[in-house]
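Results of the structural survey
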Amino acid sequence: VDSKGYKMSKSKGNIIDPQKLLKNYGAEAIRFWSAIEGDLSRNDLKCSEERISAELKTLNKLLNISRFVMLFDKPVKKPKLEKLDELFVDYIEDLIDRVGKSYENYDFFHPAIEFRKFIWEIFASHYLELIKARAYNQKDKFTKQESDSAKYTLHYLLERILFLLYPIIPQITSTIAKEKGIDL
């Protein structure tokens, strides 16, 4: 089914070339898009290049977040976490529980939706903005413990995201994990 809801047919000329999609967006964007589309066993798939392109932006956001996090060394020992950092660690732990249950039922739709929301609306838009100054700690405005708490939490959240997104987008998560020196 195409983006307008029509069945694809050679005679109607509305077939979307999968090789073109792979070339333009890559396999990972298509994987993430297909997970976002829902339960594929119950619905026809409506192929939309615009929606695949949107998920490519989500993958780019994940890459940008990863680059930002890797600007900072992860503290060797877990520091005493600031309340704000604890809040986000608790959030990701709750997300892990929900996603684990979905994966047990071969449900990739709900985890993909949750991760997209977490990456865009929670991690990038809120947490990163709230802790940037503490992580950079220019002019020593924060204590070492406060700065280390932010750095530790950044790495912890990214590592959990990579681990949990691996079943949906294994290539990009493996690449980032390799750069971080961790195994998934």
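Bear in mind that the values here come from a model prediction, so they are computed numbers and not experimental data.

**Some points on the pattern of salt bridges**
All told, the structure shown has nine salt bridges when counted by the stated rule. With a shortest N-O distance of 2.2 Å, Asp94 and Arg98 are connected by a salt bridge. Residue Asp94 and its partner Arg98 are located together in helix 3 (residues 83-104), separated by four residues, close to a single helical turn. Taking the shortest distance from any N to any O, the salt bridge between Glu129 and Lys132 comes out at 3.2 Å. Separated by three residues within a single helix, Glu129 and Lys132 lie in helix 4 (residues 109-136), roughly one turn from each other. A network of salt bridges, in which partner residues are shared, links Lys74, Glu159 and Lys180.

**Some remarks on the nonpolar core**
Soluble globular proteins tend to bury their nonpolar side chains together. In this structure, Phe32, Leu62, Phe123, Leu154, Leu165 and Ile169 are the most contacted members of the largest nonpolar core, which totals 49 residues. Secondary structure elements with two or more residues in this core: helix 1 (18-36), helix 2 (49-69), helix 3, helix 4, helix 5 (144-165) and helix 6 (170-180). Counting residues per element, this core draws most heavily on helix 4, which supplies eleven residues. Beyond its immediate stretch of four places on either side in the chain, Ile169 contacts Glu28, Arg31, Phe32, Leu59 and Leu62.

**Focus on the side chain of Lys151**
Topologically, Lys151 is positioned in helix 5. The charged side chain of Lys151 is buried without a salt bridge, its nearest counter-charge being Asp148 at 4.4 Å. When neighbours within four sequence positions are excluded, Lys151 is seen to be in contact with Phe72, Asp73, Pro75 and Ala135.

**So, unusual backbone geometry**
Positive phi, close to 50°, is recorded for Asn137, a residue that is not glycine. With respect to the helices and strands, Asn137 occurs in the loop between helix 4 and helix 5. Here the phi dihedral of Lys139 falls at roughly 60°; this positive angle occurs in a residue that is not glycine.

**Thoughts on the packing of helix 2 against helix 4**
Their axes nearest at 11 Å, the elements helix 2 and helix 4 cross at an angle of 20°. Taken as axis vectors, helix 2 and helix 4 run roughly parallel relative to one another. The interaxial crossing formed by helix 2 with helix 4 has left-handed handedness. When helix 2 is examined against helix 4, the residues Glu55, Lys57, Thr58, Lys61, Leu62, Ile65, Phe68 and Val69 are found in contact with a partner set consisting of Arg116, Ile119, Trp120, Phe123, Ala124, Leu128, Lys132 and Tyr136. Considering only residue class, the contact of helix 2 with helix 4 consists of ten nonpolar, one polar and five charged.

**Structural notes on helix 6**
Taken as a whole, helix 6 has its buried residues at Ile172, Thr173, Ile176, Ala177 and Lys180. Taken down its axis, helix 6 places every buried residue within 130° of arc, on the same side. In helix 6, the exposed positions angled more than 90 degrees off the buried face are occupied by Lys178 and Glu179. Immediately downstream of helix 6, the backbone of Gly181 shows phi near 80°, a positive value.

**What about helix 2?**
Given a rise of 1.5 Å per residue, 21 residues ought to cover 30 Å, and the 30 Å separating the end C-alpha atoms of helix 2 matches this to within 8%. Ile52, Glu55, Thr58, Leu59, Leu62, Ile65, Ser66, Phe68 and Val69 are the residues of helix 2 that are buried.

**Structural notes on the packing of helix 2 against helix 5**
Packing of helix 2 against helix 5 leaves a shortest axis separation of 10 Å and a crossing angle of 145°. As helix 2 runs across helix 5, the sense of the crossing is left-handed. Where helix 2 abuts helix 5, its residues Leu62, Ser66, Phe68 and Val69 lie against Leu154, His155, Leu158, Ile161 and Leu165.

**Concerning the environment of Ile169**
Topologically, Ile169 is positioned in the loop between helix 5 and helix 6. Accessibility expressed as a relative area gives 1% for Ile169, which makes it buried. Taking the C-alpha atoms as reference points, Ile169 and Ala112, separated by 57 residues in sequence, lie 9.7 Å from one another.

Cut-offs used in this document
- Residues numbered from 1 in each chain as written.
- Predicted model: local features only at pLDDT ≥ 70, side-chain atom pairs only at ≥ 80, totals over all residues.
- Heavy atoms only, no water.
- Salt bridge = Lys/Arg side-chain N within 4 Å of Asp/Glu carboxyl O.
- Helix = DSSP H or I, 4+ residues; strand = E, 2+ residues; numbered from the N terminus.
- Core = buried A, V, L, I, M, F, W, Y, C linked by side-chain atoms within 4.5 Å.
- Buried < 20%, exposed > 50% of the residue type's maximum accessible area, 1.4 Å probe, protein only.
- Contact = heavy atoms within 4.5 Å.
- Lys, Arg positive; Asp, Glu negative; His and termini not counted.
- Axes fitted to C-alpha atoms, helices over the stretch in contact; angles between N-to-C directions.
- Parallel < 35°, antiparallel > 145°, perpendicular 65-115°, else oblique.
- Left-handed = near helix turned anticlockwise from the far one by under 90°.
- Nonpolar A, V, L, I, M, F, W, Y, C, P; charged D, E, K, R; others polar.
- Arc of directions from axis to C-beta.
- Expected span 1.5 Å × (residues − 1).

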